[in-house]
2 protein chains.
Amino acid sequence: MMIYGDSNSGNCLKVKWVSDYLLLPYDWIEVDTMKGGSRTPEFLKLNGAGQVPVAILDDGRPLAQSNAIIRYLARDSDLIPQSPYLAAKMDEWLFWEQYSHEPFIAVCRFQMVYLKKSLGDLDPDKVKRGYSALALMEHQLHNTQFLVCSTMTLADVALLAYTRVAHEGGFHLDGYASVRRWIAACEKTLGL
Amino acid sequence: MMIYGDSNSGNCLKVKWVSDYLLLPYDWIEVDTMKGGSRTPEFLKLNGAGQVPVAILDDGRPLAQSNAIIRYLARDSDLIPQSPYLAAKMDEWLFWEQYSHEPFIAVCRFQMVYLKKSLGDLDPDKVKRGYSALALMEHQLHNTQFLVCSTMTLADVALLAYTRVAHEGGFHLDGYASVRRWIAACEKTLGL
C-alpha cells in the first residue's frame, strides 16, 4: 500500500497510526499541501476532491477520506467493535468528528500554525463550537474509558488526531480532565 | 424504532427513505429544530450533540448522525456493497458528503429557505465550494450509473438528500446533466 499524506495533517496521521497499529506495511509519500501538492493534475487523478490522505491499495485502486480509509484498513480487527450497535456508535463519532470537531478545532489550529493568525484573529463562532465539541467528549469520557467502550476503537483514533494538538489552535484543555486522561491512554495504546 | 426528525431536513429524510426502502417499521416523531426542539433537556439526553436525526432502537438505545444511522439500518442489505473495497468507496462518499457537500449546499439552502436570505447575501466561498461538489459528482456520474457502482447504495441516498433540493439554495443544475439523470434514477428507485 502507498499512503499519500501530509505529515502535518491529523487526517493523514490517522491512516499512519492505524497502519502501524495493525502492522500493515506501506510506503509513505509526502504531499506538501501548503505548496499545492494535492492540487496537481497527477494527484487529482488519485482523488478528484484534491484532499489528502489517499491510500493506493496493492492492486492500484485508490481510496480517499481518512475515516473511510481507516474503516477499510481496520475491518475485521479489534479497532471496530463486533457488536453492530457499538460499531454504529463508532460511526456516529466518526461522522461527528468530520462535521462538528475537525471544522473548528483543526481549522483554528491550521489558521494559527500555518497561516500565522493570532488567537484574537480566530472566528469566535469556530472557537465556541470547538469548545462545545470538547465538552461533548469530556461528558462521554467521564463515563467511559474510551469513546465507545472500554477499549480503543477507530472513534478514538479519529478524535485523537486533532484533540491532542488542540492547544496549537488556542484551545485550553485545563477544564477537560477526562479528555486529557483519554489522550494519554490513546497515545500509550498507539505507541506515540 | 422511533425516528426523531425534522421533515425539512435532508439529513432526517435519509433515515426515512432507507427505512421505507427496507420496509423497516418506525414511528416518526417530528422535531421542530427552528423552534429549538433539538435543544431541550429531554432531547439532549437522546443526543448530547443536539442534532437531528436520532433513531431510538426497539431496545431503547439511541443512535445519532444520519450516515451512521443509515449504515446501521442497511447492514446486510443491498444498499451496502458486499465487496469491502466498494463498501469503502461508499464510505468515502458518505464522509465527503458531510464535509464537502452538506456544509455548502445544505447550508445555502437553509439560509435562503429558512433564514430568508437572498442569493446575493450568500457567502461566495460557500457557493463556490457547493458548485465544486456538484462538479465532482457530475464527473463520477458521467462514468457510472450511481456513485459507487451500477446499483444504488447509501452513498446515493445520502447525496440525494440535499442535491435534489440544491436549487432551493440557488444552485443551478443546468450544466450537470449526469447529476439530473441520477437524481431521477434515485427518486424512482426510492419511490419518491
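Residues numbered from 1 in each chain as written. Chains lettered and ligands numbered in written order. Predicted model: local features only at pLDDT ≥ 70, side-chain atom pairs only at ≥ 80, totals over all residues. Heavy atoms only, no water.

**Quick word on the domain arrangement of chain A**
Residue and element names in this part refer to chain A.
Working step 1: Taken domain by domain, chain A holds domain 1 (2–73) and domain 2 (84–190).
Working step 2: Look at where the C-alpha atoms of domain 1 and domain 2 centre, and you get two points 21 Å apart.
Working step 3: Counting residues at the interface gives 14 residues for domain 1 and 20 residues for domain 2.
Working step 4: Summed over both partners, the interface of domain 1 with domain 2 comes to about 1,400 Å²; 63% of that surface belongs to carbon and sulfur atoms.
Working step 5: It is Trp 17, Met 34 and Arg 71 in domain 1 that bury the most area against domain 2; as a group they hold 38% of the surface buried on that side.
Working step 6: Among the ionic pairs, Arg 71 bridges to Asp 91, the shortest N-O distance being 2.7 Å.
Working step 7: Secondary-structure elements contributing two or more residues to the side of domain 1 that touches domain 2 are α1 (10–21) and α3 (66–73). (Domains from an automatic or database assignment. Contact = heavy atoms within 4.5 Å. Buried area = accessible area lost by both parts, 1.4 Å probe. Salt bridge = Lys/Arg side-chain N within 4 Å of Asp/Glu carboxyl O. Helix = DSSP H or I, 4+ residues; strand = E, 2+ residues; numbered from the N terminus.)

**What about the sheet that holds strand β3 (residues 54–56) of chain B?**
Residue and element names in this part refer to chain B.
Working step 1: Across the sheet, which stays open at both edges, the 4 strands sit in the order β2-β1-β3-β4 with mixed pairing between neighbours. Looking at strand neighbours, the two that pair on one side only are β2 (27–30) and β4 (62–64), the edges of this open sheet. Mean inter-strand twist for the sheet, computed between neighbouring axes without regard to direction, equals 20 degrees.
Working step 2: Note: strand β1 (residues 2–5) against β2, 4 bridges, orientation parallel. Bridge pairing in β2 places Met 2 opposite Asp 27.
Working step 3: Across the sheet, helix α3 (residues 66–73) touches β3 and β4, and the angle it forms with β4 is around 120 degrees. (Pairing = 2+ DSSP bridges. Axes fitted to C-alpha atoms, helices over the stretch in contact; angles between N-to-C directions.)

**Description of helix α5 (residues 124–143) of chain B**
Residues and elements named next belong to chain B.
Working step 1: Spanning 20 residues, α5 covers 29 Å between terminal C-alpha atoms, matching the ideal 28 Å at 1.5 Å per step.
Working step 2: Of all the residues in α5, the buried ones are Gly 130, Ala 133, Leu 134, Leu 136, Met 137, Glu 138 and Leu 141.
Working step 3: The N-capping residue of α5, defined by a side-chain oxygen 2.9 Å from the backbone nitrogen of Asp 125, is Asp 123. (Expected span 1.5 Å × (residues − 1). Buried < 20%, exposed > 50% of the residue type's maximum accessible area, 1.4 Å probe, protein only. Polar contact = N/O pair within 3.5 Å; in protein donor to acceptor, adjacent residues only side chain to side chain.)

**Things to note about the interface of chain B and chain A**
For an interface, size is often stated in terms of accessible area lost upon the parts coming together.
Working step 1: The partner chain A presents 29 residues to the 29 residues of chain B that form the contact.
Working step 2: Carbon and sulfur atoms make up 67% of the surface buried where chain B meets chain A, a total of about 2,700 Å² over both sides.
Working step 3: The largest contributions to the chain B side of the interface with chain A come from Tyr 85, Phe 95 and Tyr 99 of chain B, which together make up 30% of the buried area.
Working step 4: Counting across the interface, chain B meets chain A through 0 salt bridges.
Working step 5: For the pair chain B and chain A, the number of links is 10 residue pairs in polar contact (both at pLDDT 80 or more).
Working step 6: Broken down by secondary-structure element, the contributors of at least two residues to the side of chain B that touches chain A are β4, α3 and α4 (84–113) of chain B.
Working step 7: A class-by-class count of the residues in the side of chain B that touches chain A yields 16 nonpolar, 6 polar and 7 charged. (Nonpolar A, V, L, I, M, F, W, Y, C, P; charged D, E, K, R; others polar.)

**A look at a nonpolar patch on the surface**
Working step 1: Taken together, Met 34, Phe 110 and Leu 115 of chain A make up a surface patch of nonpolar side chains, about 270 Å² in accessible area.
Working step 2: Structurally, Leu 115 of chain A can be placed in the loop between α4 (84–113) and α5 (124–143). (Patch = residues over 30% accessible without salt bridge, like charges linked within 9 Å, V, L, I, M, F, W, Y side chains within 5 Å. Areas by Shrake-Rupley, 256 points an atom, 1.4 Å probe, with all protein chains shown as cover.)

**Concerning the side chain of Thr 153 of chain B**
Working step 1: You can see Thr 153 of chain B is positioned in the loop between α5 and α6 (154–163).
Working step 2: With residues up to four places along the chain from it excluded, the contact list for Thr 153 of chain B reads Leu 79, Pro 81, Met 90 and Val 148 of chain B.

**Considering the relation of the copies chain B and chain A**
Working step 1: Here chain B sits on chain A after a turn of 180 degrees about the axis and a move of 0.0 Å along it, with an RMSD of 0.0 Å. This pairing of chains is accounted for by a two-fold axis.
Working step 2: When you check the interface residues of chain B against chain A, 100% turn up at the interface there too, and the contact is symmetric in its surfaces. (Least-squares fit on C-alpha atoms with pLDDT ≥ 70 in both.)

**Observations concerning unusual backbone geometry**
Working step 1: Here the residue pair Val 52 of chain A and Pro 53 of chain A is connected by a cis peptide bond, since its omega of 0 degrees sits within 30 degrees of zero.
Working step 2: With respect to the helices and strands, the residue Pro 53 of chain A is situated in the loop between α2 (41–46) and β3 (54–56).
Working step 3: You will see that Leu 23 of chain A, though not glycine, has its phi angle at about 60 degrees, which is positive.
Working step 4: Along the chain, Leu 23 of chain A turns up in the loop between α1 and β2 (27–30).
Working step 5: Even without being glycine, Gln 65 of chain B reaches a positive phi, approximately 70 degrees.
Working step 6: For Gln 65 of chain B, the location among the structural elements is in the loop between β4 and α3.

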